[in-house]
Amino acid sequence: MLAPERSEQTLKYLELLSEKFPNQQSVFTEIINLQAILNLPKGTEHFMSDLHGEYEAFLHILNNCSGVIREHVDEDFGDTLTDREKADLCTLIYYPREKIALVRRARQDSPSWYKRMLDQLITVARRLSSRYTRSKVRKAIPHDFAYIIDELLHTHPDENNYRVRYHERIIDSILETDSTEDFIYSLAELIKVLAVDHIHLVGDIFDRGGGAAKILDRLLRCVHQRTDIQWGNHDLLWMGAAAGQPACIVTVLRNNLRYNNYEILENDYGISLRELVSFAERTYKAGDSITPLVKAINVMLFKLEGQIIARHPEFDMEDRLLLDKIDLDAGTVTIDGTSYPLITTDFPTLDLDHPYELSEGERRIMDKLVYEFTHTDHLHSHIDYLYRHGSMYLVRNGNLLFHGCIPMNADGTFASMNCEGTWRAGRDYMDFCDAIARRAWRDHDQEALDWMWYLWVGYKSPASGRIVKTFERSYIADEATWEEPMDPYFEVTKEIPACDAILREFGLAPGTGHIVNGHTPVKTIKGESPIRADGRLLVIDGGFCQAYHPKTGIAGYTLISSSRGMRLKAHEAFKSVDEALTRNADIQSETTRFDVPKRRLMVSDTDTGEDIRNQINDLRQLLEAYRSGIIPEHESA
């Protein structure tokens, strides 16, 4: 029955629900359907982090689902196919167009080859589709062949093998009508969609590699897979730049010049650097270890950062104000009472009386850059995607996902931050950071925009968590000044108590939940493990970025969570798509299984299961309202 104190509100809700389920029969049907879904296996979740613009490696990991597809091929075909045949099938699934073109050039594209591939693809797709409702599978099937694929996926032997003969006739018709290649493309795409139900990207899509725009273009096409993103510091930097924050814009330029990624700025996003380059060459000297262009960007950056720090004493970053500590005559800079030689004294736009003011030429350059970053449609479509699908953190299925850290003190308590006059810590602080990032994109007010810069680089930023020494690394040869102190989070979470405190802060049960981070590359080559604090913390930044490979010894970690438990994948470096095609050179991965459940996990064990149980409860209330006459029944539309 409806509780009296809530009856009016509940009745309005049930009347709205009755528009979708107008009578008892429709309610019965939906309850039965939802109860059945609860008993399907839990969908596979795929976790990736710190892609850093490495498009080809990302695409291959996305295509092979961190080895999930090969696992299914092994299960489906066992010893009936050789390892080479299974590798050929996997490569066809990953890159169907390219693989078929290769087979055609080798003159191996016989009707028997096409028929064999179709049969094998249907076998894999049928197995994967059995984990979902027919309705969900139909939505994932490419439109052009929806009816035919649906029929083939649900063909099973009967007493007279009518269905089998029907299946064979469909295959023959596909071969006869020259639609085989398009059909293979559709099946390969369906298999990849069904292999992974949900993709989690735990931050840092941008910078270092040059393919971030291609990664986001690809994600925009992932319409049948649920995807979420936990913003990393590099993502927040680009989000701030696209919103028009000048220091973020200059930092984006600096990062991409440092890694020679002009193409993402000019070719992908149409941001011209010509005026900046011309200004730098007119203003700065050539011949130093620092190019005129980098000199110009550095000085503009330190001036803009100084302005932010002056506006925000709560950021506690006065130690980063170093332009006013320069002695050009002596060629030194004084830090904490110690003078260090500068590697250049070429600072023609630096006014030591007003060291953090832009020169007239610098202001003109910045105005143009702000306009370009805030008026490029391609970039804005990508940033819109990050906001729609992203957040500072996510709690899902017993896991807490965030990119960097929860700022903490050395004793394992949560560190507080002054957030527009209110001190916040833990989850409350993370919620503030999420809200201020959205405000920067929505309102473009200076306070919120300045916070975007802080989230990129601040010591108490949950996306950064370190003191960044950009000035020292740019202008001082003494590497002792380059050390960047890290938030205590990165040490205290190696032990169980701090991890348990974080899990409790976000409503998760210690001992059963997991924290999933990226941000800090795991130096596997030095014996570091991505599994910490007895499995409570999982660090999956193993170094997608090629620049990190010598330090990490591998090319990235990914995480898989399925109905059979969790497993970490440690990946070797991806060579190229060409290697994958010509030699079936899949990314080789070492698997570490952990948190293996005593029984197979079902949808009922997930957050989706909880949502479904709430829907069933609402439907039962609607059913009671129909039976008692509170709401009249109607015929189905």
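Residues numbered from 1 in each chain as written. Predicted model: local features only at pLDDT ≥ 70, side-chain atom pairs only at ≥ 80, totals over all residues. Heavy atoms only, no water.

Moving on to helix α14 (residues 246-258). The end-to-end C-alpha separation of α14 is 18 Å, in line with the 18 Å expected for 13 residues at 1.5 Å each. Here α14 lies mainly inside the structure; eleven of its 13 residues are buried. Ala-247, Cys-248, Ile-249, Val-250, Thr-251, Val-252, Leu-253, Arg-254, Asn-255, Asn-256 and Leu-257 are the residues of α14 that are buried. Near the N-terminus of α14, the side chain that reaches the backbone nitrogen of Ala-247, with its oxygen 2.7 Å away, is that of Gln-245. (Helix = DSSP H or I, 4+ residues; strand = E, 2+ residues; numbered from the N terminus. Expected span 1.5 Å × (residues − 1). Buried < 20%, exposed > 50% of the residue type's maximum accessible area, 1.4 Å probe, protein only. Polar contact = N/O pair within 3.5 Å; in protein donor to acceptor, adjacent residues only side chain to side chain.)

Moving on, we come to the nonpolar core. With 176 residues, the main nonpolar core has Ile-205, Trp-451, Trp-453 and Tyr-489 as its most contacted residues. Ranked by residue count, the leading element in this core is helix α17 (residues 292-311), at ten residues. The residues touching Trp-453, leaving out its near neighbours within four places in the chain, are Gln-245, Ala-247, Cys-248, Glu-305, Ile-308, Ile-309, Phe-315 and Met-317. (Core = buried A, V, L, I, M, F, W, Y, C linked by side-chain atoms within 4.5 Å. Contact = heavy atoms within 4.5 Å.)

The subject of this paragraph is the pairing of strand β12 (residues 514-517). Burial along β12 is two-sided: the residues His-514 and Val-516 and Ile-515 and Asn-517 are all buried. Inspection of the sheet shows strand β9 (residues 399-402) paired to β12 by three bridges, in the parallel sense. Counted as the bridge partner of Asn-399 is His-514 from β12. One ladder, built from three bridges, connects β12 with strand β14 (residues 537-539); its direction is parallel. Paired with Asn-517 across the strands is Val-539, a residue of β14. (Pairing = 2+ DSSP bridges.)

Turning our eyes to something else, we now look at the packing of aromatic side chains. Here the structure, examined in full by the defined rule, presents 17 aromatic pairs. Between Phe-302 and Phe-471 the ring centres are 5.3 Å apart and the planes differ by 55°, which places this aromatic pair in the tilted class. With Phe-302 in helix α17 and Phe-471 in helix α22 (residues 470-475), the pair connects residues that are 169 residues apart, well separated along the chain. Overall, Phe-471 belongs to the buried group, its relative accessible area being 3%. Ring geometry for Tyr-387 versus Trp-441: centroids 5.5 Å apart, planes at 15°, classification stacked. On the criterion of sequence distance, the pair formed by Tyr-387 in helix α19 (residues 377-389) and Trp-441 in helix α20 (residues 426-443) is long-range, its members being 54 residues apart. For Trp-441, a relative accessible area of 16% puts it in the buried group. In this structure, Arg-97 is placed above the aromatic ring of Tyr-185, and the distance from its NZ or CZ to the ring centre is 4.1 Å. (Phe/Tyr/Trp six-rings, centres within 6.5 Å; stacked < 30°, edge-to-face > 60°. Lys NZ or Arg CZ within 6 Å of the ring centre and 35° of its normal.)

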